[in-house]
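Below are the chains, spelled out letter by letter.
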Amino acid sequence: MDLNFTPEEIAFRDEARRFFREEFPAELREKTAAGHHLTKEEMIRSQRVLNARGWAVPNWPVEWGGQAWTPVQVYLYQDEMQQANVPPPLAFNASMVGPVIAQFGSDEQKRRYLARAANLDDWWCQGFSEPGSGSDLASLRTKAERRGDNFIINGQKTWTTLAQHADWIFCLCRTDAAAKKQEGISFIVFPMNSKGITVRPIQTIDGGHEVNEVFFDDVEVPAENLIGQENKGWDYAKFLLGNERTGIARVGASKAKVQRIKQLAALETVGERPLIEDAKFREKLASVEVELKALEMTQLRVVAAERTAARGKPNPASSILKLKGSVIQQQLTELAIEVVGPFAMPYQPLEAGRNEPVIGPDYATEAAPDYFNYRKVSIYGGSNEIQRNIVAKAILGL
Ligand SMILES: Cc1cc2nc3c(=O)[nH]c(=O)nc-3n(C[C@H](O)[C@H](O)[C@H](O)COP(=O)(O)OP(=O)(O)OC[C@H]3O[C@@H](n4cnc5c(N)ncnc54)[C@H](O)[C@@H]3O)c2cc1C
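Re the overall build of the protein chain
Stage number 1. Summing up its helical and strand segments, the protein chain has 12 helices and 10 strands in all.
Stage number 2. Expected size for 398 residues packed as a compact globule is a radius of gyration near 21 Å; at 22 Å, the protein chain falls within 12% of this value.
Stage number 3. Each principal axis of the C-alpha atoms in the protein chain carries an extent, and together these give about 75 × 50 × 45 Å.
Stage number 4. Here the protein chain holds 398 residues, and the buried ones make up 49% of them.
Stage number 5. Long-range pairs, those at least 24 residues apart, make up 73% of the contacts in the protein chain between residues at least 6 apart in sequence.
Stage number 6. When the accessible surface of the protein chain is split by element, carbon and sulfur atoms take 52% of a total near 19,200 Å².
Stage number 7. If the 48 positive side-chain charges of the protein chain are averaged to one point and the 52 negative ones to another, these points end up 4 Å apart.

And the structure:
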């Protein structure tokens, strides 16, 4: 196994670094580095800058805007993007619905949806989870009944991220109640302004509005909005969830966070000395950095294995990346709280448009909301307990 980069890979990395740090709008990077949420307009602008460079959907087939990169190039692109604090393309478009339509959709569906998804002309949201059907997703109950040329959809989705911004939803619906639970599910897409859809915000512990409940009450959807075959939706959902293999560790984002913590710890003092010189603090930071280095090596081993592996097959090692990556991201939010100390106490939400004066230094506002917000990383994308089950079965053979 060769973990060294070739000269071509190093040239690619340098080009990615230059583009992200010199051409990408600095104000969007700075806002992301400070942990502030981007507005809808800023997220659209950000994705369009990437798309204009051909880098919004590199994982798609070339004829639909993809790049046919090697796994190493994908890794370098993600790592450089995260280290430069460039907001990633909207995952629902770029890593989820796009690849599914490109792989299983009809030509007509590809023409209708893909270019618009790449450019964020259409904002997509993911309607998978339901109350009682999260980890056990196959138990979902939202029903799509065939009536003539339409499906009639009834039920409820929950935790639907940024549904308040979305133009379209891709939904798992039960189309055969009599079949085994995985075999009666279909993958259906429809506009969020369809009659009978209600979006209700869920306010999270950080004070933000990131997730929603979405209710369907006799929503009429043309049958042509079915992606792939009826009752094969579970296969497409597995394809979708298995797609993201290495970026999920967010090693680049954690490296950027370590740098920021170091910068801020140089500004804060304990007694007369900067916090960054405090032995106890240094020990804690070093211990997370060591874990992060180990995770990066594991990620590179997965990438090296992918150089030769068949594409499109989920790699169970991605569970280790998700698990360790989320633990490290959470540990870093704890250290950031420690840096600002009591200034993390006042409730200072990061929402756009806030005009309250800041208590303490400006950078203190990010620490507490970020800490609370990051509780999510061990839940979404398959909770850490579920990842441990996968590691136990698929890797350790227990
Ligand atoms: C911020 C955020 C955004 C999200 N965005 C979306 C979205 O856009 N679209 C979408 O469809 N979903 C979304 N989700 C939902 C997410 O996928 C689910 O929350 C996740 O799958 C867990 O399901 P659950 O919340 O129903 O918890 P449950 O499945 O009820 O789990 C509760 C607890 O039990 C544990 N547990 C469950 N089963 C087992 C088991 N077999 N063995 C051991 N422990 C187990 C879990 O680890 C967890 O600790 C989002 C979630 C969050 C937090």
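Digging into the packing of aromatic side chains
Stage number 1. Throughout the structure, instances matching the rule amount to 21 aromatic pairs.
Stage number 2. Taken together, a centroid distance of 5.6 Å and an interplanar angle of 80° make the contact between Tyr113 and Trp124 edge-to-face. Of this pair, Tyr113 sits in helix H6 (residues 107-118) while Trp124 sits in strand E1 (residues 124-127); the two residues are 11 residues apart in sequence, bridging distant segments of the chain. The two residues Tyr113 and Trp124 agree in class, both being buried.
Stage number 3. An angle of 85° between the planes, with centres 6.3 Å apart, marks the rings of Phe128 and Phe187 as edge-to-face. Of the two residues, Phe128 sits in the loop between E1 and strand E2 (143-147) while Phe187 sits in strand E5 (residues 185-191), which places them 59 residues apart along the sequence.

Considerations on the pattern of salt bridges
Stage number 1. Summed over all chains, the structure comprises 25 salt bridges.
Stage number 2. Arg17 is the salt-bridge partner of Glu80, the closest N and O atoms lying 2.8 Å from each other. Of the two residues, Glu80 sits in helix H4 (residues 71-83) while Arg17 sits in helix H1 (residues 7-23), which places them 63 residues apart along the sequence.
Stage number 3. By relative accessible area, Glu80 is classed as buried at 2%.
Stage number 4. For Arg146, the salt bridge is made with Glu230, and the minimal N-O distance between the two is 3.6 Å. Residue Arg146 is found in strand E2, and its partner Glu230 is found in the loop between strand E8 (226-227) and helix H7 (233-243); the two are separated by 84 residues along the sequence.

Regarding the side chain of Ser383
Stage number 1. Tracing the sequence through the fold places Ser383 in the loop between helix H11 (367-373) and helix H12 (384-395).
Stage number 2. Sequence-distant contacts of Ser383, defined by excluding residues within four places in its chain, comprise Ser135 and Ser378.

Describing a nonpolar patch on the surface
Stage number 1. Residues Ile395, Leu396 and Leu398 make up a contiguous nonpolar surface patch of roughly 330 Å² in combined accessible area.
Stage number 2. Along the chain, Ile395 turns up in helix H12.

As for the site of the ligand
Stage number 1. If you check the shell around the ligand, you find 17 residues, and the closest are Ser135, Trp159, Thr161, Ser383 and Glu385.
Stage number 2. Backbone polar atom of Gln126 to a nitrogen atom of the ligand: 2.9 Å apart, as the coordinates give it.
Stage number 3. With respect to the ligand, the side chain of Ser383 contributes an N or O atom lying 2.6 Å from an oxygen atom.
Stage number 4. When the ligand sits alone it has 970 Å² of accessible area, and the protein chains cover 65% of it.
Stage number 5. Sorting elements by how many residues they give to the shell around the ligand places H12 first, with 3 residues.

Details of the pairing of strand E4 (residues 168-174)
Stage number 1. With respect to burial, E4 is a largely interior element, 7 of its 7 residues being buried.
Stage number 2. Relative to E4, E1 runs parallel, the two being bridged by 4 bridges. Each bridged residue has a counterpart across the sheet, and for Gly127 the counterpart in E4 is Cys171.
Stage number 3. Alignment of E4 against E5, held across 7 bridges, turns out to be antiparallel. Across the sheet, residue Trp168 finds its bridge partner in E5, namely Pro191.

Focus: the nonpolar core
Stage number 1. In terms of nonpolar packing, the biggest core is built from 73 residues, with Phe20, Ile153, Phe170, Phe187 and Phe190 touching the most fellow members.
Stage number 2. Top element by residues in this core is helix H5 (residues 91-104). It accounts for 7 residues.
Stage number 3. Contacts of Phe20, omitting those with residues within four sequence positions, involve Arg29, Leu50, Trp55, Tyr77, Glu80, Met81, Ala84 and Val86.
Stage number 4. In this structure, Ile261, Leu321, Ile328 and Ala364 belong to the second largest nonpolar core, which totals 26 residues.

Each value, and the rule that gives it
Residues numbered from 1 in each chain as written. Predicted model: local features only at pLDDT ≥ 70, side-chain atom pairs only at ≥ 80, totals over all residues. Heavy atoms only, no water. Helix = DSSP H or I, 4+ residues; strand = E, 2+ residues; numbered from the N terminus. Rg over C-alpha atoms; globule rule 2.2 N^0.38 Å. Buried < 20%, exposed > 50% of the residue type's maximum accessible area, 1.4 Å probe, protein only. Contact = heavy atoms within 4.5 Å. Areas by Shrake-Rupley, 256 points an atom, 1.4 Å probe, with all protein chains shown as cover. Lys, Arg positive; Asp, Glu negative; His and termini not counted. Charge placed at Lys NZ, Arg CZ, Asp CG, Glu CD. Phe/Tyr/Trp six-rings, centres within 6.5 Å; stacked < 30°, edge-to-face > 60°. Salt bridge = Lys/Arg side-chain N within 4 Å of Asp/Glu carboxyl O. Patch = residues over 30% accessible without salt bridge, like charges linked within 9 Å, V, L, I, M, F, W, Y side chains within 5 Å. Near = heavy atom within 4 Å. Polar contact = N/O pair within 3.5 Å; in protein donor to acceptor, adjacent residues only side chain to side chain. Pairing = 2+ DSSP bridges. Core = buried A, V, L, I, M, F, W, Y, C linked by side-chain atoms within 4.5 Å.

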